[in-house]
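Below, each chain spelled out in residue letters.
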Amino acid sequence: MWKEVPEKVSQEKITFDVRELEPILSGPSLKLEPYKPEMAKLKDGSYLYIRPLKKEEVPLLLPFVKKLLDVDHDFYDIVGARVYAELLGWYRNRLKDPYFMIGTINGKLAGFANARVMNEDIHISLHSMAFVRGLRVGAIMYYAKTKYAFEVLGAKEWWATYESYNGFKRWGLGMAQPSYPWPDVQHELGGAKVYYITRQYWDLSVKEYLKQLVKTELEEPTPEVIEANKELIIPENPVV
Ligand SMILES: CC(C)(COP(=O)(O)OP(=O)(O)OC[C@H]1O[C@@H](n2cnc3c(N)ncnc32)[C@H](O)[C@@H]1OP(=O)(O)O)[C@@H](O)C(=O)NCCC(=O)NCCS
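Residues numbered from 1 in each chain as written. Predicted model: local features only at pLDDT ≥ 70, side-chain atom pairs only at ≥ 80, totals over all residues.

**A short note on the overall build of the protein**
For step 1, the next point in the chain: Broken down by element type, the protein carries 8 helices and 8 strands.
For step 2, the next point in the chain: Structurally, the protein occupies a C-alpha span of about 75 × 40 × 35 Å along its principal axes.
For step 3, the next point in the chain: Taking the contacts inside the protein whose residues are at least 6 apart along the sequence as the reference set, 63% of them involve residues at least 24 apart. (Helix = DSSP H or I, 4+ residues; strand = E, 2+ residues; numbered from the N terminus. Contact = placed C-beta atoms within 7 Å.)

**Overview of the pairing of strand S4 (residues 108-117)**
For step 1, the next point in the chain: With 9 of 10 residues buried, S4 lies mostly within the body of the structure.
For step 2, the next point in the chain: The hairpin turn running from strand S3 (residues 98-105) into S4, its antiparallel successor, is 2 residues long, and Asn106 in that turn takes a positive phi close to 50°.
For step 3, the next point in the chain: The turn joining S4 and strand S5 (residues 122-130), which pair antiparallel and follow one another in sequence, is formed by 4 residues. (Buried ≥ 20, exposed ≤ 12 C-beta atoms within 10 Å, placed from the backbone. Pairing = 2+ DSSP bridges.)

**Comments concerning the sheet that holds S3**
For step 1, the next point in the chain: Pairing within the open sheet is mixed, and its 8 strands lie in the order S7-S6-S5-S4-S3-S2-S1-S8. At either margin of the open sheet sits one strand with a lone partner, and together these are strand S7 (195-198) and strand S8 (218-219).
For step 2, the next point in the chain: The pairing of S4 with S5 spans 7 bridges and is antiparallel. Opposite Ala113, over in S5, you have Ser128 as the bridge partner.
For step 3, the next point in the chain: On top of the sheet, helix H3 (residues 76-91) reaches S3, S4 and S5; it is set at about 125° to S5, its chief contact. (Axes fitted to C-alpha atoms, helices over the stretch in contact; angles between N-to-C directions.)

**Some thoughts on the site of the ligand**
For step 1, the next point in the chain: Near the ligand, the surroundings consist of 20 residues, among which Ala130, Gly134, Gly138, Ser164 and Gly167 are the closest.
For step 2, the next point in the chain: Looking at the shell around the ligand, the elements with two or more residues in it are H3, S5, helix H4 (137-152) and helix H5 (165-173).
For step 3, the next point in the chain: At 4 residues, S5 tops the list of elements feeding residues into the shell around the ligand.
For step 4, the next point in the chain: The class makeup of the residues in the shell around the ligand is 8 nonpolar, 7 polar and 5 charged. (Near = placed C-beta within 6 Å. Nonpolar A, V, L, I, M, F, W, Y, C, P; charged D, E, K, R; others polar.)

**Regarding the pairing of S3**
In regular strands, side chains alternate between the two faces of the sheet.
For step 1, the next point in the chain: Counting buried positions over the 8 residues of S3 gives 7, a clear majority of the element.
For step 2, the next point in the chain: Sheet topology places strand S2 (residues 47-52) next to S3; 4 bridges connect them, and they run antiparallel. Across the sheet, the residue bridging to Ile50 is Gly103, located in S3.
For step 3, the next point in the chain: In this structure, S3 lies alongside S4, joined through 8 bridges in antiparallel fashion. The residue bridging Ile105 from the neighbouring strand is Lys108, located in S4.

**A closer look at unusual backbone geometry**
For step 1, the next point in the chain: In this model, Trp182 is joined to Pro183 through a cis peptide bond whose omega is 15°.
For step 2, the next point in the chain: Non-glycine residue Phe75 carries a positive phi angle of around 65°.
For step 3, the next point in the chain: Counting through the fold element by element, Phe75 comes out in the loop between helix H2 (58-68) and H3.
For step 4, the next point in the chain: For Asp97, which is not glycine, the phi dihedral falls at a positive 45°.
For step 5, the next point in the chain: Among the secondary structure elements, Asp97 is positioned in the loop between H3 and S3.
For step 6, the next point in the chain: Residue class for Asp97 comes out partly exposed when judged on the 19 C-beta atoms lying within 10 Å of it.

Here it is, written out as structure tokens:
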């Protein structure tokens, strides 16, 4: 926009260092207590090791996630595209207070989950993905991030939505999540319906989900499992 000035000025042009603009565009980040790694025994007896994704690992993950855009089944393409944008959004300071975790089996990338703090009450569930199928890795990743939101970060409500039938089956139905009236309340992912969990509902019921429906639990990782997952191995191509 352009408007004539109402006063004589000593400098007609004022320049800014982009470092002065960045705080306006990205805002301050909350100091979130880090997710402490956990492990879960899988159906085949192997262990899924879950840990926070490091920001410096984002460039390693992006080429793999980009390949998901060409996977045209089970909604891997749209979820992959959104995850790609969220990873870049974090890396480029354009996503408010996200948290990301990955699951690995003997170091190999097997699962992904992320969410973000919308405000001190509501956390937004973004995405969960399984890169090996049939072991319920995705189910466990979603549970791990929800548990972290409620029990470590102190969320009061968890807002989710579902692109895929598998996701809806796993958590919308699996956790018997109620929804808010739609379209009055919309999720930031495409304006879809919001399915939610309150802290009370988590404590009363959903906390048991992993034991009841997935038949496993989150445990403190053993030194052997930590050692086996020391190095992150990202598959060349997704096989899902
Ligand atoms: C949704 C998702 C995370 C669930 O992961 P998961 O819990 O590990 O479960 P899977 O997708 O591997 O399998 C789902 C079911 O279909 C079966 N299945 C589907 N494809 C399979 C395959 N290729 N091999 C073996 N089993 C398969 C599984 O046995 C499982 O059945 P179960 O309920 O009896 O365990 C995963 O399907 C995924 O990443 N989808 C794409 C992204 C997505 O939709 N994310 C969620 C957005 S709402």
